[in-house]
Amino acid sequence: MKGTVVKSTGSWYEVRVDTGKTINCRMKGKIRLEGIKETNPVAVGDFVELDEEGTNGVIHSILPRKNHLLRQAVKKSSHSQILAANIDQAMLVVTLKQPRTSMGFIDRFIISAEAYGIPQVIIFNKEDLLSDEEKEETHELVKLYQSLGIPSVRISALTDSIDKIRQLLNDKVTLMAGHSGVGKSTLLNKIAPHLDRATGSISDFSQKGTHTTTFAEMFSLDETTSIIDTPGVKEWGLVDMTPQEISDYFVEMREIRLNCKFSSKCLHLQEPGCAVRQAVEEDRISESRFNSYLSMVAGEDNRK
Ligand SMILES: Nc1nc2c(ncn2[C@@H]2O[C@H](COP(=O)(O)OP(=O)(O)O)[C@@H](O)[C@H]2O)c(=O)[nH]1
Ligand SMILES: [Mg+2]
Ligand SMILES: [Zn+2]
């Protein structure tokens, strides 16, 4: 039988098979995937082959992946985590308040997804909590990311209609990620009330280690639309990228960097005749994006 992994606890996997039924599975021995160091790297979204064993199942192979999204933990640099596999887009939920998501975090997420060829979407949530000034700031950020070709929406999951978001999800498998407490489960509940996902109280997420969503889990919204709710991530590190690659993944630099005097080698730091820095000065590249770029190239550890 073949199926899709819809939930993984690390030792047990829920697999949805063609009949629509979900089977609890374990892994048979150690399965390796080409190009991946870890053994048993099964993630939500993986297509697997399994045998039924009584009421449970045994996964005996993982089918080749279209893609996956990998996150590097910062403290233990050898530790990376596959958030999900075979996804059509990565939706980052962020907030300017309670808890504020940093620009660096947003850009590291965007660059990582870009590196895996996964289109991105950004949801700026909790609009209802913002001052006029903060609303203006969000508006500017939405404009910025839209101009980079990334659909971006501001919303209050508590008070607004989520029609705009539902449309972005249609006919796709979407991974939803973000800090704990930004409102992922609240959004999901609004999109699919029957799911009744547990959500955290405002005081919960500020307490270290409290996560209402413990494991990634995929839900189907209709026959061709699924969404994956993930546990909150505190930090987002880049996986093995050279400065050249990083500058490639900043879409707004791609063309401009060809005009740098030492175009193939320019890292846009102090090199003479740098077209990228010129573009920043002329506001054709946003300063906040360029700052994110600089901190990534410097390998800085401000990855919160
Ligand atoms: N004021 C306000 N609170 C929200 C909004 N969205 C979510 N929350 C609250 O934020 C807290 C965390 O939400 P939750 O969905 O559990 O976040 P998750 O950790 O990303 O899944 C809960 O108390 C929600 O009620 C919003 O748009 N506005
Ligand atoms: Mg949650
Ligand atoms: Zn340059």
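Below is a summary of the structure that appears in this document. (Residues numbered from 1 in each chain as written. Chains lettered and ligands numbered in written order. Predicted model: local features only at pLDDT ≥ 70, side-chain atom pairs only at ≥ 80, totals over all residues. Heavy atoms only, no water.)

A few points about the site of ligand 1
Close to ligand 1 lie 19 residues, the nearest being Asp128, Gly181, Lys184, Thr186 and Gly200. Between ligand 1 and aspartate 128, the relevant distance is 2.7 Å, taken from a nitrogen atom to a side-chain nitrogen or oxygen of the residue. The greatest single-element share of the shell around ligand 1, amounting to three residues, is contributed by helix H4 (residues 184-191). Here the residues of the shell around ligand 1 sort into five nonpolar, eleven polar and three charged. (Near = heavy atom within 4 Å. Polar contact = N/O pair within 3.5 Å; in protein donor to acceptor, adjacent residues only side chain to side chain. Helix = DSSP H or I, 4+ residues; strand = E, 2+ residues; numbered from the N terminus. Nonpolar A, V, L, I, M, F, W, Y, C, P; charged D, E, K, R; others polar.)

Observations concerning the pairing of strand S9 (residues 120-125)
With six of its six residues buried, S9 lies for the most part within the structure. Of the two faces of S9, the one lined by Gln120, Ile122 and Phe124 and the one lined by Val121, Ile123 and Asn125 are each fully buried. For S9 and strand S10 (residues 152-154), the ladder comprises three bridges, and the chain directions are parallel. Of the residues in S10, the one forming a bridge with phenylalanine 124 is arginine 154. Handedness of the crossover is the feature at issue here: the chain leaves S9, passes through helix H2 (residues 132-147), returns alongside S10, and the resulting connection is right-handed. (Buried < 20%, exposed > 50% of the residue type's maximum accessible area, 1.4 Å probe, protein only. Pairing = 2+ DSSP bridges. Right-handed = clockwise from strand over helix to strand, strands pointing away.)

Describing the packing of aromatic side chains
Counted according to the given criterion, the structure contains four aromatic pairs. Measuring from ring centre to ring centre gives 4.8 Å for phenylalanine 109 and tryptophan 236, while their planes differ by 65°; the resulting arrangement is edge-to-face. Here the residue phenylalanine 109 occupies a position in helix H1 (residues 103-115), and tryptophan 236 occupies one in the loop between strand S13 (225-229) and helix H6 (243-249), the gap between them amounting to 127 residues. Taking the centre distance of 5.6 Å and the plane angle of 90° together, the rings of phenylalanine 250 and tyrosine 293 count as edge-to-face. Of this pair, phenylalanine 250 sits in the loop between H6 and helix H7 (275-281) while tyrosine 293 is found in helix H8 (residues 287-297), placing the two residues 43 residues apart along the sequence. Taken as a pair, phenylalanine 250 and tyrosine 293 share a single burial class, namely buried. Taken together through their ring pairs, the aromatic side chains of Phe105, Phe109 and Trp236 make up a single cluster. (Phe/Tyr/Trp six-rings, centres within 6.5 Å; stacked < 30°, edge-to-face > 60°.)

Considerations on the environment of lysine 66
You can see lysine 66 is positioned in the loop between strand S5 (56-62) and strand S6 (68-72). Linking lysine 66 and glycine 117, residues 51 residues apart in sequence, is a C-alpha distance of 10.0 Å. At a separation of 2.5 Å, a polar atom in the side chain of lysine 66 contacts the side chain of aspartate 88.

A word on the side chain of asparagine 86
Mapped onto the elements of the fold, asparagine 86 is located in the loop between strand S7 (80-85) and strand S8 (89-95). By relative accessible area, asparagine 86 is classed as buried at 7%. A distance of 2.8 Å separates a polar atom in the side chain of asparagine 86 from the backbone oxygen of glycine 45. Reaching out from asparagine 86, the side chain makes a polar contact with the backbone nitrogen of lysine 66 at a distance of 2.7 Å.

Observations regarding the coordination of the zinc ion (ligand 3)
Coordination of the zinc ion (ligand 3) by the protein comes from Cys260 (SG), Cys266 (SG), His268 (ND1) and Cys274 (SG), over a distance range of 2.1 to 2.4 Å. The coordination sphere of the zinc ion (ligand 3) comprises four donor atoms, whose angles at the metal cover 105 to 113°; the geometry is tetrahedral. Linear spacing of the donor residues for the zinc ion (ligand 3) on their chain is C-x5-C-x1-H-x5-C. Of this pair, cysteine 260 sits in the loop between H6 and H7 while cysteine 274 is found in the loop between H6 and H7, placing the two residues 14 residues apart along the sequence. Accessibility classification places cysteine 260 together with cysteine 274 in one group, the buried group. (Donors = N, O, S within 2.8 Å, 3.2 Å for Na, K, Ca; no water. Tetrahedral: all angles 85-135°; square planar, octahedral: opposite > 155°, others 65-115°.)

Such coordinate-based values are descriptive only and should not be taken to indicate function.
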